[in-house]
Amino acid sequence: MKKIFYSALIFASAFFVGCTDLDEGIYGQQVADDFYATEAGVNAALANIYNEVRGDWNGKGIAGADRGWFDLNESSTDEMLIPRRADGAWDDNGIWRAMYQHTWTGSQEFIGNTWNWLYRSIFKANLAVELLTKANADPARIAEAKVLRAYFYYMLMDGWGDVPFYTENNVTVDQIPQTPRAEVFKFIESELKSNVDLLTTAKGGQFYGRFNKWAGYALLGKLYLNAQVYTGTQRWADAIAASDKVINEGGFSLVPTLYDNAGAQAIFGDRLPDQEVILAVYVDALTAPRNIIGIRTLHGPHANALFGFSGWNGATVHQDFINKYDDADKRKDQWFIGPQPGGVSYNLNISSIDNAGITDGARNAKYLPVAPFVGNESTSNDFPVYRYADILLTKAEALLRSNGDQATARALVNQVRNRAGLANLTGTLTLNEIYDERGRELVWEGHRRQDMIRFGTFTAARAFKAASADKYKLFPIPAEAISNNPTLKQNPGY
Amino acid sequence: MFKLLLKNLPPSHGPQGKRLFQKSSFLVVATVFLFLCSGLVQAQQRNVSGTVTGEGNSPLPGVTVVLKGTTNGTSTDAEGRYSLTVTDAQANGTLVFSYIGYLSKEVALAGQSTVNVNLASDAKALDEIIVVGYGTQNKRDVTGSVASLDEKDFNAGPITNPLQQINGRAAGVNINQVGSEPGQAPSIRIRGITSLIGGNDPLVVVDGIQGDLNLLKQIPPSEIASMEILKDASATAIYGSRGAAGVVLVTTKKGKIGETSIEYSGVASIETIAKNYDLLNASEYRAAATARGIENSYDFGGDTDWVDAITRRGYTTTHNLAVSGGTENFSYRTSLTGILQQGIIKKSNSENYIARFQGTQSAFKDKLALTFNLNTSLLTNDFNNGGRIGEAINRRPTDPIYVENPLNKDTGPYFIDPNGFNYLNPVARTNEIVDGDRTNNLFGSLRAEYTIFNGLTATGFGSWRKTDREYQNYISARTTQENARNLGVVPANLTGAERDLYIQNLPDGIATRELNSSDEKLFNFILNYKKDFGNHSIDVIGVNEWQQQVYNGFRASARGFTVDSENNLSTLQSSDPTLFQAGNITSYKSDRTLASFLGRVNYSFMDKYMLSASFRRDGSSVFGANNKWANFYSFSGAWRVSEEAFMSGLDVMNDLKFRVGYGETGNQQGLGPLNSVRLVNNDGTVFFGGSVIPNFSITQNENRDLRWEVKKMYNAGIDFGFFEGKLSGTLDGYYGLTSDLLFDYAVPQPPYPFGTIKANIGEIMNKGLEASLSYALIDKENVGVTLAGNVATTKTEVKELSGSLNGLPLETDYVVWASGGTTGVASTNNAISHLIIGQSLGTFYLFKHAGVDANGNQIIDDLNGDGIISDGNRENPDRYVAGQALPKFTWAFTPSARYKSFDLNMVLRGAHGHKIFNARRATMSALGSFGQTNMLKSALEDGINNLTYATDYWLEDGDFARLENLTLGYNVNTTKFGAIKNLRLSFTANNLFVITDYSGIDPELSTSGGSGFGVDYGIYPRTRSFALGINATF
């Protein structure tokens, strides 16, 4: 009996001793090193960059959701005003008023959000470039990842000036020096020049929402147009050349009816026309959210009457901006003024930035919600990053600034004006006319801050805003970024 | 009898059914009594009875009385009385009286019908046997810090969780009940907070089965025989990487050899809200609005007390029926328990039904002991949490609840403010939501203990625990939740009435179902050798243990139904397919494995000198690849001075023992599976290549060195007893240091794609003193008064947060630990409490309030005098350290008294030295939102329009003293009741009063140490309850 028991004991303990396998079961996830070694993984790495492009909460994405890049570049300008309402709504401790009046600091939430988003995107782009190169992928795909990375650096350099710069992920923070704006500019320029031609020339279809060759040249044109701001050196001829690539070879044209039903339907709806829109951000409320620009502008009952959910009663614009529209301008119809469904009537005039009436201010229909919706949290409007009208005005401006042919420049501007139902300009084209035309045409498309800085109007006094210091032409490096990397030098004045 | 009980249970679903149940519960009990009284009285042949007494002729309850050589036996009642039926043939047998701590006595019956005996105490065995890790020990030999509580120490009343019955009963064991939400267990912290994200919940071990605090929910409180709390590292190191936060050992009641016993205990309590917010009523609101010059467009002509409209009277009923018995080789105990709660917020309920069986079989001439345990329970919850109160107090009292012509027909009769942004009607939300879960729990274990030879035993133990939770949530348009109504799209060509009609006919409702299951297995194999060699005695164990936990589940959500009813939960497929969203279907699975080898040696010499050493080696799958195995150990010793010859002359001193110990334990609760590898996860979807495809993304900064936290702890203590044990107590002091502190440390972005990384860097120090005292003031036959209580001080300090990770210096300090909850304050200035190196964990670091200006804006004290108020949540010259969130000391006063058949027990407890940030008050005081929301009356005096910074204005003293429990008991003389052996009636009042300066509804907030603790964001109201209890034994 005892013997049997002892033997059983030894066997039993042997069973238990065997139980020391401590490997973790991996079920729902993939180990990165394994995943990215597959072809599907390499493709996913490229696709993943585009996941960062669409807007979402916490300041992710180019545009669509709030408190990120779009708001930095819009609510700091004369074409978007989010006043505190008399009922206390949009008080938000003055964060929106600080944007409009240029009193932000390094701990401002949108600034940190955008910085973190851009560097996370760059990490993903670096990873994609590395993996695609290692996998000997189609050069067009490698080029696409590189152009995306250049685009993210372009936004960083545009916003912050001298920024940390790195192109390979496996480095420590001390190997990521804060690089002068001009050098970042040079990197973007050379990266675009050597890769843009490798990109596809196809539009729409499987390339909708992606960087093709024309979007690449549009970006290059923008870079040159603002070169003086970035580097102190004018590059007007290069801006014209890059724009010409798009104009002469891209096969784009203005959609004739873009503004014809503005106010009744969205100018930028579910799918943007390939004919005019060079680069779009795809948004679908259900599967690829989100866009809230349209919801944010409409007053509750107005949106309720139209769509069955309440609007946020937030973003509007000062009457000075509306007054720049000619009454014949079809683009003026994108502004809701006066009585609307739901018993709402918008006042054109905004009485105060601190205590505006509930329905003060014109509202914008550019992104009038299109389905599918997710309540009042997202619509499915796509967002235009670059479109043909912008390129026409870019070339016109560069021509004018480089004392080029007036008639060519005027014709370019008139193309845009004619579509809006306006007559040709005939006199001498002035920079101011281009500035206002850009405002009217491209309002709420994320270009205004850059334009105002280039035209020297950004820090000037305007309604509800005193003149602000030059330092506000750059955003401060986020306080958190400095605390985590004390070697970063804060932008002057902050 | 069971049938009868069940038949009397009315259907328990639906509010009406529940109400009925509460009212009729006493009726049920009475019926049961009647039935038992008439049914179980049997014809008797001969009766032997008597009284058993112990020292000082005091009656001894619970003494086992067995007729020698038979299974015929019983035990004594509370008065020491017993009664045994014997056949004529047995009339000349021998009765054996035995009781732990006393010498057994055999008395020949010799035909007597009355046998009274007096048992002499066994000096050596008088000590209690207490449960320690992987074994038991005489309390007198314990070298670590262990709080041992048994049934006589437990709080009475409407107990729904075992922790409630030891609240206030052990020094340094802080049991914290925040609000009175049904089904919500209190939290427990043993000796303060030792971890930031690593988890501070103790390990729970129930009869050898290991688990988390949820395991306690499956144990009927009235079926617990004793609870031991291992407090210091020398006691918990045997649990290695799971021992750092302390260990709660639970031993359940077992069957005894002898006559079958049937026990019933039941409690019914009525609960009301102890304190409400002092809000403006409709007329006060209108007057204040006029005074503030607010247009009356806010006024919808109502007069509503929103809190009153969503609350009701609460009820708690518990029933426990246990049957136990046993023969020479087999004993068992089985029980059925129902714990039923109706919360004071409407539609918040909890029902917990537990059935358990425990059997012990001895075999092979008592060499093999088999213990089998099976426990199954069904826990059902309806959720309406404290958030409902938050919604109700915010609503204007001038809003009506119902309207005749609703704005939107889908929302039913409920009022909605047409101008409101996401206006939610609290009554609609409370009444119409379907939100609840059902958890099926099952666990079982089998222990086989074989005595190989005298002193050496081998034990195999296996347990298996399964839980399956099913969650259901249906949000109809009638809840007035905006995102649940009118889903879908209106065709652009519709206008006017046609359009309105179309909108009204759009689909509504969101249905969600979720299943979570867990499966936890444990095997261990234990060799134990116990032997006395003259003056030496040793106790050695070696254990090999293996545990595996597997978690998996899935969730599906669907939106937009033609008929907006909760029946859609059973037909998710009837939702509008075009409304499917990314993330509507999810599933997961993960596991963790722990393999361990451990051992312990206890040695004692002449019962005077005790030494103990333990060692454990843990390997865990959740540790990083570079750190798979961890070692933990402890040493401790004790010196029983009172046994020394030189103390023999001191009669006043009965017992005096010094203890010291040191141990290292670990904590791996904070490590989830797969924290240490760089993973690619599904991360929503992306539009790429012309269509929406699944997106894969790196979702965390990886750290291959990730490991457990290490807690080193020193403990020294004294146990003493004076004046024949009249005065007894324990003093303990400890110092603990948690190093390799797990935290999500901030890393620079770039190059890291995410702002934080989980790593082991900082240190937390924890030290304190604990004292428990008990003094028997009067101890006579008919009257007794005992004064008892305990005090504990705790100091928890963040020692270090900075360090380096793979050469990267990480500067982490002034980490925001609680923020928000203050309407209007920007996220850049809303931080409330922080982790600051050198300060208490969760230190309030705030702007200083310096008054209110003419515009109603708060004036902030410019502390550094530079003329500007610096923005920012982190280190900031205009913020200052304003107090700590953790109490500096806690105490409980637990006196008891008895007079004849009456007894009185109470728990008065308190906490001191800490502050509470009243974010709820701040939010309810921002007059800038007047016209949109309701306000506290005090807001009008405060006169603050806008909150722009988190200031100390809302910081209040958190000190409190609460009469937690007051119980009056009466033991009914049952000599004439036939089958009823014992009958006890009791009345309990909970939370009779709170003494505090805190202005919120209850000062007891989470002191769990987790992010956000110490801030009153609003809680489920705390109740005051009055309960009647019955305990009966048949």
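With an unreviewed UniProt entry as reference, chain A is termed RagB/SusD family nutrient uptake outer membrane protein, source organism Nibribacter koreensis. Here is the UniProt Subcellular location (unreviewed entry) comment for chain A, exactly as written: "Cell outer membrane". Word for word, the UniProt comment on chain A under Sequence similarities (unreviewed entry) is "Belongs to the SusD family."

Novice: Account for the overall build of chain A, with residues named and values stated.
Specialist: Scanning chain A from N- to C-terminus turns up 19 helices and 9 strands. For chain A, whose C-alpha radius of gyration is 26 Å, the value lies close to the compact-globule estimate of 23 Å for 494 residues. Taking the principal axes of its C-alpha atoms as reference, chain A extends roughly 110 × 50 × 45 Å. When burial is assessed residue by residue, chain A has 57% of its 494 residues classed as buried. If you take every contact in chain A between residues at least 6 apart in sequence, the share linking residues at least 24 apart comes to 67%.

Novice: Lay out the overall build of chain B in plain terms, naming residues and giving numbers.
Specialist: Secondary structure summary: chain B contains 11 helices and 52 strands in total. Taken over the C-alpha trace, chain B has a radius of gyration of 31 Å; the compact-globule value for 1034 residues is 31 Å, and the two agree within 12%. Taken along the three principal axes of its C-alpha coordinates, chain B extends 105 × 70 × 60 Å. Across the 1034 residues of chain B, 47% fall into the buried class.

Novice: Describe in detail the nonpolar core, supporting the description with residues and values.
Specialist: By size, the foremost hydrophobic cluster in this structure holds 236 residues, and its most contacted members are Ala128(A), Ala218(A) and Ile278(A). Sorting elements by how many residues they give to this core places helix α6 (residues 109-134) of chain A first, with 14 residues. When near neighbours in sequence (up to four residues on either side) are disregarded, Ala218(A) contacts Val246(A), Ile278(A), Leu279(A), Tyr386(A) and Ile391(A). By size, the runner-up hydrophobic cluster in this structure holds 59 residues, among which are Tyr134(B), Val173(B), Ile229(B) and Ala235(B).

Novice: Tell me about the UniProt feature "domain: RagB/SusD" (unreviewed entry) in chain A, residues and numbers included.
Specialist: Residues annotated by UniProt as "domain: RagB/SusD" (unreviewed entry) correspond here to residues 319-494 of chain A. This span, residues 319-494 of chain A, is 32% helix and 9% strand, and a straight line between its end C-alpha atoms measures 32 Å.

Novice: An account of the interface of chain B and chain A is requested, with residue identities and associated values reported.
Specialist: Tallying the contact residues gives 82 residues for chain B and 79 residues for chain A. Broken down by element, the residue count for the side of chain B that touches chain A peaks at 9 residues, all from strand β30 (residues 679-688) of chain B. Tallied by class, residues from the side of chain B that touches chain A come to 39 nonpolar, 35 polar and 8 charged. Note: strand β1 (residues 30-31) of chain A against β30(B), 2 bridges, orientation antiparallel. The residue of β30(B) that forms the bridge with Gln30(A) is Val680(B).

Novice: Describe the confidence of the model for chain B, and please don't skip the residues or the numbers.
Specialist: All names here are of chain B. In the predicted model, chain B carries a mean pLDDT of 88, and the fraction of residues at 70 or more is 95%. Per-element mean pLDDT across chain B ranges from 38 in helix α1 (residues 2-7) up to 97 in strand β51 (residues 994-996). A low-confidence stretch, residues 1-44 (pLDDT under 50), is modelled with 40 contacts involving residues beyond four sequence positions or located in other chains. For this predicted complex, the interface score ipTM comes out at 0.91, while the overall pTM is 0.83.

Novice: Residues and numbers for the UniProt feature "domain: SusD-like N-terminal" (unreviewed entry) in chain A, please.
Specialist: In the numbering used here, UniProt assigns the "domain: SusD-like N-terminal" (unreviewed entry) feature to residues 86-225 of chain A. As annotated, residues 86-225 of chain A has a helix share of 59% and a strand share of 3%, and its two end C-alpha atoms lie 41 Å apart.

Novice: Any details on helix α9 (residues 213-225) of chain A? Residues and values, ideally.
Specialist: For α9(A), built from 13 residues, the straight-helix expectation of 18 Å at 1.5 Å per residue is met to within 8% by its first-to-last C-alpha distance of 18 Å. The element α9(A) is largely enclosed, with a buried count of 13 among its 13 residues.

Novice: Tell me about the sheet that holds strand β5 (residues 94-98) of chain B, and please be specific about residues and values.
Specialist: All names here are of chain B. Strand order in the open sheet formed by 4 strands is β3-β2-β5-β6, with antiparallel pairing between adjacent strands. Across the chains shown, the open sheet's two edge strands, defined by having one partner strand only, are β3 (73-75) and β6 (105-108). If you compare each strand with its neighbour and ignore which way they point, the axes differ by 20° on average. The pairing of β5 with β6 spans 4 bridges and is classified as antiparallel. Directly across from Leu95, in β6, lies its bridge partner Val107.

Novice: Break down the environment of Ala288(B) for me, with residues and values.
Specialist: Residue and element names in this part refer to chain B. On the secondary structure map, Ala288 appears in helix α5 (residues 282-291). Here Ala288 falls in the partly exposed class, since 18 other C-beta atoms lie within 10 Å of it. On a C-alpha basis, the gap between Ala288 and Asp437 in space is 43 Å, while along the polypeptide they are 149 residues apart. The residues contacting Ala288, other than those within four sequence positions of it, are Leu280 and Leu940.

Novice: Summarise the sheet that holds β1(A); cite the residues concerned and give the values.
Specialist: Across a sheet, paired strands are connected by hydrogen bonds in the backbone, their directions being either parallel or antiparallel. Ordered by their spatial adjacency, 3 strands build an open sheet running β1(A)-β30(B)-β31(B), and the pairing between neighbours is antiparallel. The strands lining the two open edges of the sheet, one partner per strand, are β1 of chain A together with β31 (691-698) of chain B. In the sheet, β30(B) pairs with β31(B) via 7 bridges, with the strands oriented antiparallel. When the sheet's bridge partners are listed, Val680(B) is paired in β31(B) with Ile698(B). Its contacts with the sheet put helix α3 (residues 39-53) of chain A on β30 and β31 of chain B, and the angle it makes with β30(B) is roughly 65°.

Novice: Provide a residue-level description of the packing of α6(A) against helix α7 (residues 139-160) of chain A, including the pertinent values.
Specialist: Residue and element names in this part refer to chain A. For the pair α6 and α7, interaxial distance at closest approach is 9 Å and the crossing angle is 160°. It follows that α6 is roughly antiparallel to α7 by the angle criterion. Between α6 and α7 lies a crossing of left-handed hand. Contacts from Thr114, Leu118, Ser121, Ile122, Ala125, Asn126, Ala128, Val129, Leu132 and Thr133 of α6 reach α7 at Arg141, Ile142, Ala145, Lys146, Leu148, Arg149, Phe152, Met155, Leu156 and Gly159.

Novice: Could you give me a rundown of the pairing of strand β52 (residues 1023-1033) of chain B, with the residues and numbers involved?
Specialist: As paired strands, strand β17 (residues 258-273) of chain B and β52(B) are joined by 11 bridges and run antiparallel to one another. Opposite Thr272(B), over in β52(B), you have Arg1024(B) as the bridge partner.

Novice: Quick rundown of the pairing of strand β21 (residues 368-382) of chain B? Include the residues and the values.
Specialist: Residues and elements named next belong to chain B. As judged from the 15 bridges shared by strand β20 (residues 349-363) and β21, these two strands associate in the antiparallel manner. Following the sheet pairing, Ala355 is matched in β21 by Thr376. Taking the residues between adjacent antiparallel strands as the criterion, β20 and β21 are bridged by 4 residues, where Phe364 takes a positive phi near 50°. Taken together, the 15 bridges between β21 and strand β22 (residues 434-453) define a ladder with antiparallel strand orientation. In the strand pairing of β22, Leu379 is matched with Thr439.

Novice: Break down the packing of α3(A) against α6(A) for me, with residues and values.
Specialist: Residues and elements named next belong to chain A. Where α3 meets α6, the axes come as close as 9 Å, and the angle between the chain directions of the two elements is 160°. The orientation of α3 with respect to α6, classified from their angle, is roughly antiparallel. Crossing geometry of α3 relative to α6 is assigned as left-handed. On α6, the residues touching Val42, Ala45, Leu46, Asn48, Ile49 and Glu52 of α3 are Trp117, Arg120, Ser121, Lys124, Ala125, Leu127, Ala128, Leu131 and Leu132. Looking at the contact of α3 with α6 residue by residue, the classes come out as 10 nonpolar, 2 polar and 3 charged.

Novice: Go over unusual backbone geometry, please, and point to the residues and values.
Specialist: Omega for the bond connecting Pro289(A) with Arg290(A) falls within 30 degrees of zero, at 15°, which places this linkage in the cis form. Mapped onto the secondary structure, Arg290(A) falls in the loop between β4 (277-281) and α12 (293-297). Note that the residue after Ala371(A), namely Pro372(A), is joined by a cis bond; omega there is -5°. Residue placement: Pro372(A) occurs in the loop between β8 (363-364) and β9 (383-387). Unusually for a residue other than glycine, Asp740(B) sits at a positive phi of about 55°.

Novice: So what about α6(A)? Which residues, and what values?
Specialist: Residue and element names in this part refer to chain A. In this model α6 runs 38 Å from its N-terminal to its C-terminal C-alpha over 26 residues, within 8% of the 38 Å that 1.5 Å per residue would give. For α6, the buried fraction is high: 22 of the 26 residues fall into the buried class. One or two positions beyond α6, positive phi appears at Asn136, with a value near 55°.

What counts, and at which threshold
- Residues numbered from 1 in each chain as written.
- Chains lettered and ligands numbered in written order.
- Predicted model: local features only at pLDDT ≥ 70, side-chain atom pairs only at ≥ 80, totals over all residues.
- UniProt positions renumbered as here; feature names shortened; annotations may be inferred.
- Helix = DSSP H or I, 4+ residues; strand = E, 2+ residues; numbered from the N terminus.
- Rg over C-alpha atoms; globule rule 2.2 N^0.38 Å.
- Buried ≥ 20, exposed ≤ 12 C-beta atoms within 10 Å, placed from the backbone.
- Contact = placed C-beta atoms within 7 Å.
- Core = buried A, V, L, I, M, F, W, Y, C linked by C-beta atoms within 7 Å.
- Nonpolar A, V, L, I, M, F, W, Y, C, P; charged D, E, K, R; others polar.
- Pairing = 2+ DSSP bridges.
- pLDDT = per-residue confidence, 0-100.
- Expected span 1.5 Å × (residues − 1).
- Axes fitted to C-alpha atoms, helices over the stretch in contact; angles between N-to-C directions.
- Parallel < 35°, antiparallel > 145°, perpendicular 65-115°, else oblique.
- Left-handed = near helix turned anticlockwise from the far one by under 90°.

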